[in-house]
Amino acid sequence: MAAMAPGGASGSDIYKGNAVKLLLPTWLVIGVFLLIPVMLMAVYSFLTKEFRGGVIWEFTLTAYDQFFLNRGLFGDDPASIEWTYIGIFWRSIWQAGLATILCLLIGFPTAWFIATRDARMRTVWLLIVTVPYWVNLLIRTVSMKFLIRDEGPLNAALMWSGIIDAPLGIINTNLAVQLGLFYSYLPFMVLPVYAAVERYDFSLSEAAADLYASRWTILRLVILPVVKPGIIAGCILVFVPSLGAFLAPDLLGGAKSFMIGSLIEEQFKGAAGNWPFGAASAMILMAIVMIVLLAYARSQTRETRT
């Protein structure tokens, strides 16, 4: 029986008819800080670049044309595919994908280890994982640069131990960017997976073992299907921000490690920036992210129906 509220109304009827009013603050926040900026970005992507910076309110597809097609220096050559920006996008995708895989390979065992400790130690281990991330991302990225530079502690320790004779030269490479992405977003994988593992019924593993299932079979057929939502959530939380990251490429990578986040940042920097092109690049990036999320939502809908 539903609890009775003052006046004789049941607890489930207290908020009936007030849903719109209760959701109004949320809608305002989403509208002001999400929908309006995205709409402005979409509008700017169709405007014309002003020669001295800024925009001219003349609508055109020039920014999108510039992204996909190369028409020469003066714009009068036969159109050809602009592989430069497509290559930057592709580099961003595989860097974000690799960072997601690495975070999963390290984050899943870490989350499993934490979830299988006693309650007091779980708090301690979660604190150890999250405390470094209380520091600003910029400071952590600069610290990573200091750590892996040629004269940094990492190379110094390896040379002192005799493992290497000369510095590894990690800085300004794709490897440095990958380390920065991995370090920046690892907790985004650990915490959702930990939440899923914590709710896992370990008696399922015991039952599978009693039926002579191997550890690999238990992991593949019992554990992973149950904790799959946490894994997928962690992968999305790592992949999406990694795709648009610009601090790690800017501070740890060189010209060959340029990513889409850096490209967009450059277009809005200074008076000589190309705002329409930056907005168009941001809209293309958002379209890719939306495709990934919609594909996941569609696959989940299919699984629910079956």
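Residues numbered from 1 in each chain as written. Predicted model: local features only at pLDDT ≥ 70, side-chain atom pairs only at ≥ 80, totals over all residues. Heavy atoms only, no water.

Looking only at helices and strands, the protein has 12 helices and 4 strands in total. Dimensions of the protein, computed from C-alpha atoms along their principal axes, come out at roughly 75 × 70 × 40 Å. Within the span of the protein, comprising 306 residues, buried residues form 31% of the whole. Contacts in the protein between residues far apart in sequence, at least 24 positions, make up 60% of those at least 6 positions apart. As displayed, the protein offers around 18900 Å² of accessible surface, 70% of which is attributable to carbon and sulfur atoms. Taking the average place of the 21 positive charges on the side chains of the protein and the average place of its 19 negative ones, the gap between the two points comes to 7 Å. (Helix = DSSP H or I, 4+ residues; strand = E, 2+ residues; numbered from the N terminus. Buried < 20%, exposed > 50% of the residue type's maximum accessible area, 1.4 Å probe, protein only. Contact = heavy atoms within 4.5 Å. Areas by Shrake-Rupley, 256 points an atom, 1.4 Å probe, with all protein chains shown as cover. Lys, Arg positive; Asp, Glu negative; His and termini not counted. Charge placed at Lys NZ, Arg CZ, Asp CG, Glu CD.)

Considering all chains together, one arrives at 4 salt bridges under this definition. Of the charged contacts in the structure, one is a salt bridge between K269 and E265, with a shortest N-O distance of 3.5 Å. For K269, the salt bridge goes to E266, with nearest N and O atoms at 3.6 Å. Looking at E266, the relative accessible area reads 35%, which means it is partly exposed. Here the salt bridges do not stand alone but share partners, grouping E265, E266 and K269 into one network. (Salt bridge = Lys/Arg side-chain N within 4 Å of Asp/Glu carboxyl O.)

Side chains of W90, W94, L98, I101, L102, L105 and I106 sit close together on the surface and give an oily, nonpolar patch of about 670 Å² of accessible area. Relative to the elements of secondary structure, W94 occurs in helix 3 (residues 83-115). (Patch = residues over 30% accessible without salt bridge, like charges linked within 9 Å, V, L, I, M, F, W, Y side chains within 5 Å.)

For the pair helix 5 (residues 137-148) and helix 7 (residues 174-198), the least separation of the axes is 10 Å and the interaxial angle reads 135°. As judged from the angle between their axes, helix 5 and helix 7 are oblique. When the axes of helix 5 and helix 7 are compared, the crossing they make is right-handed. Within the contact between the two elements, helix 5 uses L137, R140, M144 and I148 and helix 7 uses A176, L179, Y183, S184 and Y185. Of the residues assigned to the contact of helix 5 with helix 7, the class counts are 7 nonpolar, 1 polar and 1 charged. (Axes fitted to C-alpha atoms, helices over the stretch in contact; angles between N-to-C directions. Parallel < 35°, antiparallel > 145°, perpendicular 65-115°, else oblique. Left-handed = near helix turned anticlockwise from the far one by under 90°. Nonpolar A, V, L, I, M, F, W, Y, C, P; charged D, E, K, R; others polar.)

Our focus in this paragraph is helix 3. An ideal rise of 1.5 Å per residue puts 48 Å on 33 residues; helix 3 measures up with 46 Å between its terminal C-alpha atoms. The axis of helix 3 is deflected most strongly, by about 30°, at G107, and proline P109 appears within four residues downstream. (Expected span 1.5 Å × (residues − 1). Bend = angle between axes of the 7 residues up to and from the residue.)

Secondary-structure assignment places F182 in helix 7. Between the alpha carbons of F182 and G244 there is a distance of 14 Å; along the sequence they are 62 residues apart. Setting aside anything within four residues of it in sequence, one finds F182 in contact with L102, C103 and I106.

This paragraph deals with the UniProt feature "transmembrane region" (unreviewed entry) in the protein. With numbering matched to this structure, UniProt assigns "transmembrane region" (unreviewed entry) to residues 27-47, 93-115, 121-142, 177-197, 218-240 and 275-297. End C-alpha to end C-alpha, residues 93-115 measures 31 Å, and it is 100% helix and 0% strand. In the segment residues 218-240, helix accounts for 100% and strand for 0%; the C-alpha atoms at its two ends are 30 Å apart. (UniProt positions renumbered as here; feature names shortened; annotations may be inferred.)

Let us now look at unusual backbone geometry. The phi torsion at N172 lies on the positive side, around 65°, for a residue other than glycine. Among the residues examined, N172 registers a relative accessible area of 48% and is labelled partly exposed. Not every positive phi belongs to a glycine, and Y212 is a case in point at roughly 65°. Summarising the element assignment, Y212 is placed in the loop between helix 8 (203-210) and helix 9 (215-243). Of the residues examined, Y212 reaches a relative accessible area of 78% and is grouped as exposed.

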